[in-house]
Amino acid sequence: VGYEEVAKLALERCFFFPAAEIYGDALAGFWEYGPLGVSLKNRVVELWRREMVRRDGMLEVDGSVILPERVFAASGHLRGFADPVVECLRCGSVHRADKLIEQIIGALVPEKLSEKELDGLLEKNQARCPKCGGQLSKTRRFNMMFKLGVGAREAAPAYLRPETCQSIFLDFPRVFRTMRCKLPAALAQVGRSFRNEISPRQGLIRLREMIQAEIEIFFNPAKAGDYHKFRLVEDCELSIQPLDSSERKPFSCKQAVKEGLIANELIAYYMALLQQFYDKTGIPGSEMRYREMGAEERAFYAEQGWDLEVRTSLGWLELVACNYRTDYDLRGHARESGRDLAIMDEGKVLPHVFELSMGIDRTVYSIMEHSLTREKERLVLKVPPYLAPIQVAVFPLVNRKGLPDEAKRIHNMLRTSFDVFYDDSGSIGRRYRRQDEVGTPCCVTVDYQTMEDKTVTVRDRDTMLQDRTGVDAILGHIREKVSFPSG
Ligand code: GLY
């Protein structure tokens, strides 16, 4: 199924919906997660913690979303984090210059082109305002950070962070020292970032406030070529689309490093770890690719870059930006703060950084799109059971003869261990369908036999088959079904 069906389910079953939706003039690009969305998102984050952070022994921090201006002077965002925009001289609407040209010529236009180059292309292609056909202004740069003033008097200039990772760079010296780290050391963070996008759109896909799960790996550049963990993944297959190719091809990590496609063993190891994480989200590996970024597509701080992308009904979508940031950030913060940020690793070294910057909202959306399946008479969200927002539903078959009391007793018994939903309204078939739609792996039904022999039926979402189980065995049965994969 496609975007429209996911968006409909999201609204109707409270996964996600626009912020301040009761106001007609609510701002675009801000979305809320409802109860089922929160649950799904939290499980995706928990899977990320298990499969990336804990598996690799990373350290997690949780930084402030507001940071002083000097941080972004050092990081380059004050200067470099700006989109090229044009304004309509008739209706005043603002548009991305590069995207306008892309729409006309049907090919990628690097946003890094100079204002003059973009103006040249706009003129050559006779671009007009897409809203009213009016004439357009010259291109200017629009900085996408949200500016704040902190304090009541002489407000100090500050910004909502446009990426979570700046806190990681700022925290690195203390964490490295106090947590007794050695290089390579990886720090991770999940949190909100803010970008004043010119044209936010498509629900969770392009947001002004988003959730990132970022990992920054600090390493000694002299040692990245020979990384001891690499042998764990050397046979792992990645779908890779190099810069000079319009197609993706499978490569083992070993082959990719040997042929110089991936710069070194350390980077290949983390790219494999990330793919292995996504393999557990239920998104088929055949629908994903690592696309190498050319100089024009890369962020200003990156010397090399790979986007991990997923194929969706909206086209290929970036889920994770994997950037080789060199010592760009630590060097910038050392310069601006006057602090020495080098550490000891057989001599003094300013570490280099490889980053895995994951968009959680897009990941949640992509998991939903890839798992939502239309079968003959039902719509089923076939997420892996450990990601299901509701883990078990409990129903009394009918609303009489003591069945509801017994079902409520079971509901109470399960609710401190699982996300449970109790439903006693409508036909039993309809209740099963409602749970299928949101991916609930098990439905427990209390029927007449329960009252005689203390057994219930447990229905499986995918096979729709029902097993009879003793009431005292339900907890173990469900725990086995919804536990995260181990090993
Ligand atoms: N930290 C990289 C990004 O936000 O895209």
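Residues numbered from 1 in each chain as written. Predicted model: local features only at pLDDT ≥ 70, side-chain atom pairs only at ≥ 80, totals over all residues. Heavy atoms only, no water.

Caption draft 1: Representation of the environment of His411 in the model. Counting through the fold element by element, His411 comes out in helix 12 (residues 403-415). Of the residues examined, His411 reaches a relative accessible area of 11% and is grouped as buried. A sequence separation of 17 residues divides His411 from Val394, and the C-alpha atoms of the two residues are 6.2 Å apart. Apart from residues no more than four positions distant in its own chain, His411 is found in contact with Val394, Val420 and Tyr422. (Helix = DSSP H or I, 4+ residues; strand = E, 2+ residues; numbered from the N terminus. Buried < 20%, exposed > 50% of the residue type's maximum accessible area, 1.4 Å probe, protein only. Contact = heavy atoms within 4.5 Å.)

Caption draft 2: Quick peek at unusual backbone geometry. Backbone torsion omega between Leu183 and Pro184 reads -10°, so that peptide bond is classified as cis. In this structure, Pro184 sits in the loop between helix 7 (165-178) and strand 10 (185-194). The phi dihedral of Cys14 falls on the positive side, at around 65°, and the residue is not glycine. Position of Cys14 relative to the elements: it lies in the loop between helix 1 (3-12) and strand 1 (16-18). In this model, Gln202 sits at a positive phi of 55°, which is unusual for a non-glycine residue.

Caption draft 3: Structural view of the sheet that holds strand 6 (residues 94-96). In space, the three strands of this open sheet follow the order 6-5-7, with antiparallel pairing throughout. The open sheet has two edge strands with one neighbour each: strand 6 and strand 7 (140-143). Direction aside, neighbouring strands of the sheet carry axes that sit 50° apart on average. Alignment of strand 5 (residues 82-87) against strand 7, held across four bridges, turns out to be antiparallel. Looking at the pairing, Val85 lines up with Arg140 of strand 7. Here helix 5 (residues 97-105) sits on the sheet and contacts strand 5 and strand 6; the angle it forms with strand 6, its principal contact strand, is near 70°. (Pairing = 2+ DSSP bridges. Axes fitted to C-alpha atoms, helices over the stretch in contact; angles between N-to-C directions.)

Caption draft 4: Examining the packing of helix 2 (residues 35-56) against helix 9 (residues 265-279) more closely. Where helix 2 contacts helix 9, the two axes come as close as 10 Å, and the packing angle between them is 145°. Viewed along their axes, helix 2 and helix 9 form a crossing whose handedness is right-handed. For the pair helix 2 and helix 9, the contacting residues are Val44, Leu47, Trp48, Glu51, Met52, Arg55 and Asp56 in the first and Tyr269, Tyr270, Leu273, Leu274 and Phe277 in the second. When grouped by side-chain class, the residues that make up the contact of helix 2 with helix 9 number nine nonpolar, no polar and three charged. (Left-handed = near helix turned anticlockwise from the far one by under 90°. Nonpolar A, V, L, I, M, F, W, Y, C, P; charged D, E, K, R; others polar.)

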